[in-house]
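Fold and contact review
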Amino acid sequence: MSEQRTKHPKITVVGGGTGLPILLAGLKEANWDITAIVTVSDDGGSSGTIRSAVNTIPPGDIRNCIVALSDVHAIYKDVFQYRFAPEDQEFSGHAIGNLIIAALTEMRGDIYSALKLLSLTMDVKGRVLPASEDPLVLQAHYADGSTVDGETTIVKEKRPIEYVTVHQVGDPSGSKPVHAGRGVIKAIEEADLIILGPGSLYTSILPNLAIPEIRDAIVRSCGEVVYICNIMTQLGETEHFSDADHIRVINQHLGDGFVDVALLNNTKVPQSYIDTNEIQDYLIQVSHDPEGLREQQARIFECDLLNLKESGVYHDRLKLVEAIRQIYQLGK
């Protein structure tokens with residue numbers, strides 16, 4: 001192994017939602033070579049409105065990842081993240097950063113060029129790449145053969161999902177091929193570690209793996225695949241799931257590949273905290289199933305990753321980075 005790889009491991013993180021920026025902020029502090037591959041199937045809120053209005057990828061998750069990796073002064077991040085108040089009519093709920101990303105995409109002609117310029121402007125330490133440069137629709141498939149389109153609608157269904165696929169906006173039959181964004185496959189192929197999560201299983205992680213080129217690149221990559229397991233089960237997605245259940249679903253979507261390492265939190269969330277915090281999306285702590293994990297061929301790496309806030313149960317970014325550092329060292 002070269003000294004360059006030892007000093008600066010290449011980390012490619014795949015996901016979306018609120019969990020991904022937490023990890024990216026920690027990785028940036030560790031001064032590693034980081035690429036974030038971000039889901040583009042969000043159809044809710046400001047992102048969904050912009051996606052429909054200007055036919056571009058939903059910018060919200062991209063925006064949060066850019067801020068997490070940015071080294072500009074905090075005031076510029078605050079402006080980029082500022083969200084218009086509900087009484088602001090047409091602008092209600094829109095984050096300024098979402099509008100900037102949409103405007104730059106129109107100005108530069110494509111999202112890839114827009115993000116290159118924005119990353120330079122925001123002094124981003126690493127790369128933020130959309131999983132696809134086309135806005136995608138997430139489709140859930142159920143055991144009875146029925147399907148439901150759209151991330152927000154899927155979550156509202158609140159019934160067990162068999163698997164998910166993606167298709168381009170306006171192509172419900174899936175006749176048009178879905179391609180990975182520029183730079184995505186190279187980032188996966190060159191990665192020392194490919195990290196899935198943290199984030200919602202069916203709406204943040206799997207939409208990326210549902211893109212055939214991304215799935216195939218992960219399967220053939222020489223890098224270790226690490227899944228950061230959710231701490232809590234999630235309403236409408238993973239009720240009653242164990243950690244092994246999460247890995248099983250990911251492995252099913254990977255097909256010929258499998259997760260190498262399961263990174264797990266082993267600290268109990270206090271029941272008093274769950275009882276006194278009305279966290280809308282969370283149910284109970286994800287149960288531990290070591291035998292199921294072995295059946296899925298996953299090595300277990302467990303430690304305290306817990307960060308309790310008033311707004312919910314989160315992974316602690318510094319604890320995450322230290323765990324990832326140890327996994328990387330053990331794999332050398």
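Quick look at the packing of helix H2 (residues 19–29) against helix H4 (residues 60–69)
Between H2 and H4, whose axes approach to 8 Å, the crossing angle comes to 20°. If you check the angle between H2 and H4, you find them roughly parallel. The interaxial crossing formed by H2 with H4 has right-handed handedness. Facing Leu20, Pro21, Leu24, Ala25 and Lys28 of H2, the residues of H4 in contact are Asn64, Cys65, Ala68 and Leu69. Here the contact of H2 with H4 is built from residues that sort into seven nonpolar, one polar and one charged.

Let's talk about the sheet that holds strand E6 (residues 163–168)
If you trace the three strands from one edge of the open sheet to the other, you get E5-E4-E6, paired in antiparallel fashion. With one partner strand each, in any of the chains shown, strand E5 (147–149) and E6 form the two edges of the open sheet. With strand direction ignored, the average angle separating the axes of adjacent strands in the sheet is 25°. As paired strands, strand E4 (residues 136–141) and E6 are joined by six bridges and run antiparallel to one another. Among the inter-strand pairings, Leu138 is bridged to a residue of E6, identified as Val166.

Examining the environment of Val137
You can see Val137 is positioned in strand E4. Val137 gets classed as buried once you look at its relative accessible area, which sits at 12%. On a C-alpha basis, the gap between Val137 and Thr105 in space is 20 Å, while along the polypeptide they are 32 residues apart. Not counting chain neighbours up to four residues away, the residues in contact with Val137 comprise Arg51, Asp149, Gly150, Thr165, Val166, His167, Gln168 and Val169.

Cut-offs applied
Residues numbered from 1 in each chain as written. Predicted model: local features only at pLDDT ≥ 70, side-chain atom pairs only at ≥ 80, totals over all residues. Heavy atoms only, no water. Axes fitted to C-alpha atoms, helices over the stretch in contact; angles between N-to-C directions. Helix = DSSP H or I, 4+ residues; strand = E, 2+ residues; numbered from the N terminus. Parallel < 35°, antiparallel > 145°, perpendicular 65-115°, else oblique. Left-handed = near helix turned anticlockwise from the far one by under 90°. Contact = heavy atoms within 4.5 Å. Nonpolar A, V, L, I, M, F, W, Y, C, P; charged D, E, K, R; others polar. Pairing = 2+ DSSP bridges. Buried < 20%, exposed > 50% of the residue type's maximum accessible area, 1.4 Å probe, protein only.

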